[in-house]
Amino acid sequence: MSKKKKVSADIKLIAVKEYLAGNGSLTTIGKKYGVTESLFRKWVAKYRDFGDSAFIQTTHCNHYMLEFKMKVVSEYLDRKGSLYNLAVKYKIPSHITLSRWVLKYNSHEELKFPQQYYY
């Protein structure tokens, strides 16, 4: 089994801009940079949502206030947006984070309040 190679943020940005400039298809540019069409499509979507900052990696975990988590989960449960759309709307780096919040809420687990905010 081969190990996936990590593609830098700069290369992702170059590839997406190449595609958006009309210099190839999702398939051809994806192959050029060694990724599947499916993954490359996700890069393009992320770029369209977040612009040049789409691929910037942070070195820390984001912490969200309990009220914020509840607001976003409520919007999802009230069908005001998909996991992906709400993640983009509230600048949550991954819709998976929101998915975990919803699962915890629906399982009646406590949505954790970050320790550093306790007084």
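Here the residue index of a chain counts from 1 through its sequence in written order. Per-residue local features are limited, in this predicted model, to residues with pLDDT of at least 70; the limit for side-chain atom pairs, both in listing and counting, is 80 or more; totals at the level of whole chains, interfaces and linings are taken over all residues. With hydrogens and water set aside, each side-chain value is computed from the structure's full complement of heavy atoms.

- If you look the protein up in an unreviewed UniProt entry, it shows as Transposase-like protein from Alkalibaculum bacchi.

**Description of the packing of helix α1 (residues 9-20) against helix α3 (residues 37-50)**
Then, in step 1: Note on definitions: angles span 0 to 180 degrees between N-to-C directions of axes, and those axes are lines fitted to C-alpha atoms, for helices only across the stretch in contact. For the purposes of this entry, the term helix denotes a DSSP run of H or I that reaches at least four residues, the term strand denotes a run of E that reaches at least two, and both are numbered from the N terminus. Where α1 contacts α3, the two axes come as close as 10 Å, and the packing angle between them is 85 degrees. Here α1 lies roughly perpendicular to α3, going by the angle between them. Together, Lys 12, Leu 13, Ala 15, Val 16, Lys 17, Tyr 19 and Leu 20 of α1 and Phe 40, Trp 43, Val 44, Tyr 47 and Arg 48 of α3 make up the contact between the two elements.
Then, in step 2: Each residue gets one label: Ala, Val, Leu, Ile, Met, Phe, Trp, Tyr, Cys and Pro are nonpolar, Asp, Glu, Lys and Arg are charged, and the others, such as Gly, are polar. Split by residue class, the contact of α1 with α3 holds nine nonpolar, no polar and three charged. In these notes the angle categories are as follows: under 35 degrees is roughly parallel, over 145 is roughly antiparallel, 65 to 115 is roughly perpendicular, and the rest is oblique. The criterion used for residue contact is that any of the two residues' heavy atoms lie within 4.5 Å.

**Details of the nonpolar core**
Soluble globular proteins tend to pack their nonpolar side chains together in the buried interior.
Then, in step 1: Put simply, a nonpolar core is a bunch of buried Ala, Val, Leu, Ile, Met, Phe, Trp, Tyr and Cys residues held in one set by side-chain atoms that sit within 4.5 Å of each other. Burial here depends on accessible area, computed with a 1.4 Å probe over protein chains only, as a share of the maximum for the residue type. Under 20% is buried, over 50% is exposed, and the range in between is partly exposed. With 14 residues, the main nonpolar core has Ala 15, Val 16, Phe 40, Trp 43 and Phe 55 as its most contacted residues.
Then, in step 2: Secondary structure elements with two or more residues in this core: α1, α2 (26-32) and α3.
Then, in step 3: Ranked by residues supplied to this core, first place goes to α3 with four residues.
Then, in step 4: When neighbours within four sequence positions are excluded, Phe 40 is seen to be in contact with Ala 15, Val 16, Tyr 19, Leu 26, Ile 29, Gly 30 and Val 35.
Then, in step 5: The next biggest cluster of nonpolar side chains, apart from the first, holds 12 residues, and it includes Tyr 64, Val 72, Val 102 and Leu 111.

**What to know about the pattern of salt bridges**
Then, in step 1: Here, a salt bridge means any Lys or Arg side-chain nitrogen found within 4 Å of an Asp or Glu carboxyl oxygen. Following the criterion strictly, the structure yields four salt bridges and no others.
Then, in step 2: Ionic pairing is found between Glu 75 and Lys 89, a salt bridge with its closest N-O pair at 3.1 Å. With Glu 75 in helix α4 (residues 66-77) and Lys 89 in helix α5 (residues 83-89), this residue pair connects regions lying 14 residues apart in the sequence.
Then, in step 3: Note on Glu 75: relative accessible area 11%, which makes it buried.

**Description of the packing of aromatic side chains**
For any pair of aromatic rings, geometry is given as the distance between the ring centres together with the angle between the planes.
Then, in step 1: Paired rings are identified among Phe, Tyr and Trp, the last through its six-membered ring, by centres lying within 6.5 Å, and are further divided according to the angle between planes into stacked (under 30 degrees), edge-to-face (over 60) and tilted (the rest). According to the stated counting rule, one finds seven aromatic pairs in the structure shown.
Then, in step 2: Aromatic pair Tyr 64 and Trp 101: ring centres 5.2 Å apart, planes at 75 degrees, arrangement edge-to-face. In this pair, Tyr 64 is assigned in the loop between α3 and α4 and Trp 101 in helix α6 (residues 95-106), connecting sequence segments 37 residues apart. Taken individually, Tyr 64 and Trp 101 each receive the classification buried, so the pair is uniform in this respect.
Then, in step 3: Ring plane angle 85 degrees and centroid distance 5.6 Å describe the contact between Phe 68 and Tyr 90, whose orientation is recorded as edge-to-face. In this pair, Phe 68 sits in helix α4 while Tyr 90 sits in the loop between α5 and α6, placing the two residues 22 residues apart along the sequence.
Then, in step 4: Judged by its relative accessible area of 23%, Phe 68 falls in the partly exposed class.

**So, the side chain of Lys 12**
Then, in step 1: Assignment of secondary structure puts Lys 12 in helix α1.
Then, in step 2: In this tally, Asp and Glu contribute negative charge and Lys and Arg positive charge; neither His nor the terminal groups of the chain are included. Asp 10 provides the closest opposite charge to the buried, salt-bridge-free Lys 12, at an N-O distance of 11 Å.
Then, in step 3: Contact partners of Lys 12, with chain neighbours within four places excluded, come to Val 7, Trp 43 and Phe 55.

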